[in-house]
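# Chains, contacts and geometry: an overview
This is what each chain is made of:
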Amino acid sequence: MMPIIVNLDVMMAKRKISSNELAERVGITAANLSVLKTGKAKAVRFSTLDKICEALDCQPGDILEWEKTE
Amino acid sequence: MWNKTRSLMLSRILAAAFSAFLVMLAFFVPFIAEWLTEVSDGMGLIGGSLYIPSMIIMYICDALGIWAIVELHILLHNITKEKIFVPQNTACLRGISWACMLAGCAFAVLGLWRFLSIMPAFAAVMFGLVMRVLKNVFEEAVEIKSENDFTI
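Not measured: the values here are computed from a predicted model. (Residues numbered from 1 in each chain as written. Chains lettered and ligands numbered in written order. Predicted model: local features only at pLDDT ≥ 70, side-chain atom pairs only at ≥ 80, totals over all residues. Heavy atoms only, no water.)

## With respect to the interface of chain A and chain B
- Of the residues lining the interface, eleven residues belong to chain A; the matching set on chain B comes to six residues.
- Between chain A and chain B, roughly 750 Å² of surface is buried when both sides are summed, and carbon and sulfur atoms account for 60% of that area.
- When the buried surface of chain A facing chain B is broken down by residue, Lys42, Ala43 and Arg45 of chain A rank first, second and third, together holding 60% of it.
- If you look at where chain A meets chain B, you find one salt bridge.
- In this structure, Lys42 of chain A and Glu143 of chain B form a salt bridge, with 3.7 Å as the shortest nitrogen-oxygen distance.
- The interface formed by chain A and chain B includes six residue pairs in polar contact (both at pLDDT 80 or more).
- Residue contributions to the side of chain A that touches chain B peak at three residues, all from helix α3 (residues 30-37) of chain A. (Contact = heavy atoms within 4.5 Å. Buried area = accessible area lost by both parts, 1.4 Å probe. Salt bridge = Lys/Arg side-chain N within 4 Å of Asp/Glu carboxyl O. Polar contact = N/O pair within 3.5 Å; in protein donor to acceptor, adjacent residues only side chain to side chain. Helix = DSSP H or I, 4+ residues; strand = E, 2+ residues; numbered from the N terminus.)

## Here's the deal with the confidence of the model for chain B
- Of the residues in chain B, 100% reach a pLDDT of 70 or more, and the chain-wide mean stands at 91.
- Model confidence for chain B, summarised as mean pLDDT per element, is weakest for helix α1 (residues 4-39) of chain B at 91 and strongest for helix α3 (residues 87-110) of chain B at 95. (pLDDT = per-residue confidence, 0-100.)

## What to know about a nonpolar patch on the surface
Residue and element names in this part refer to chain B.
- Residues Val23, Met24, Phe27, Phe28, Phe31, Ile66 and Val70 make up a contiguous nonpolar surface patch of roughly 680 Å² in combined accessible area.
- Mapped onto the nonpolar patch, the elements with two or more residues apiece are α1 and α2 (51-80).
- Looking at the element boundaries, Val70 is found in helix α2. (Patch = residues over 30% accessible without salt bridge, like charges linked within 9 Å, V, L, I, M, F, W, Y side chains within 5 Å. Areas by Shrake-Rupley, 256 points an atom, 1.4 Å probe, with all protein chains shown as cover.)

## Description of the packing of aromatic side chains
All names here are of chain B.
- Considering all chains together, one arrives at three aromatic pairs over all chains under this definition.
- With centroids separated by 6.3 Å and ring planes inclined at 50°, the aromatic side chains of Phe28 and Phe31 adopt a geometry described as tilted. Note that Phe28 and Phe31 are positioned in helix α1 at a spacing of three residues, about one turn of the helix.
- Centroid distance Phe85 to Phe138: 5.3 Å. Interplanar angle 40°. Geometry classified as tilted. Linking Phe85 in the loop between α2 and α3 with Phe138 in helix α4 (residues 118-149), this pair joins segments that are 53 residues apart in sequence.
- For Phe138, a relative accessible area of 18% translates into the label buried. (Phe/Tyr/Trp six-rings, centres within 6.5 Å; stacked < 30°, edge-to-face > 60°. Buried < 20%, exposed > 50% of the residue type's maximum accessible area, 1.4 Å probe, protein only.)

## Some details on the side chain of Thr48 of chain A
- Within the secondary structure, Thr48 of chain A is located in helix α4 (residues 46-56).
- The class of Thr48 of chain A is buried, set by a relative accessible area of 6%.
- Those residues within four positions of Thr48 of chain A in sequence are excluded, and the remaining contacts are Val26 and Ile28 of chain A together with Ile152 of chain B.

In structure tokens:
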């Protein structure tokens, strides 16, 4: 289990933005955004993170969270 | 002009021809064993006729060969469908590797009757080892591809 948690859903709800709209603004497919939201992604490019932060007007730490695992 | 598609087609034709050869071989094993017993001249730890042991080993190797060729067909089919770095292909390479290793062991057993059988045993084990290393490389490539696919 990946110790990095993606809180994209929370941030999207706060900004009241839909998946399709965010995907369009970031320039990725809705399917890839779904992979990111469900925590299936293995890596995120800095360029993608930059666009997501810009679109949601937030910091990377608002989207990504590290959880200690045993 | 020679290209990737034609090369793949040639591989599939050769694999199909070899499959047919292996199936045909199963019907002629007693005759080949009889011929081998007549022409074979060499030393071994166990004396006596070579007929029964060579027949058993040939049946075992034929079955292992059919197993390997089935795995090869699956591998070629996946490559044709452009499914290259998938876990199923790694499993196919593992299967081929084990088939070669086991065939090598079978020939090594035949070496008890004829020391000369150690040579094909060595070749089969060596080929199995090469396939095993290829399987390891493939396994790593599947992992890298998976990471690449899930990089957003």
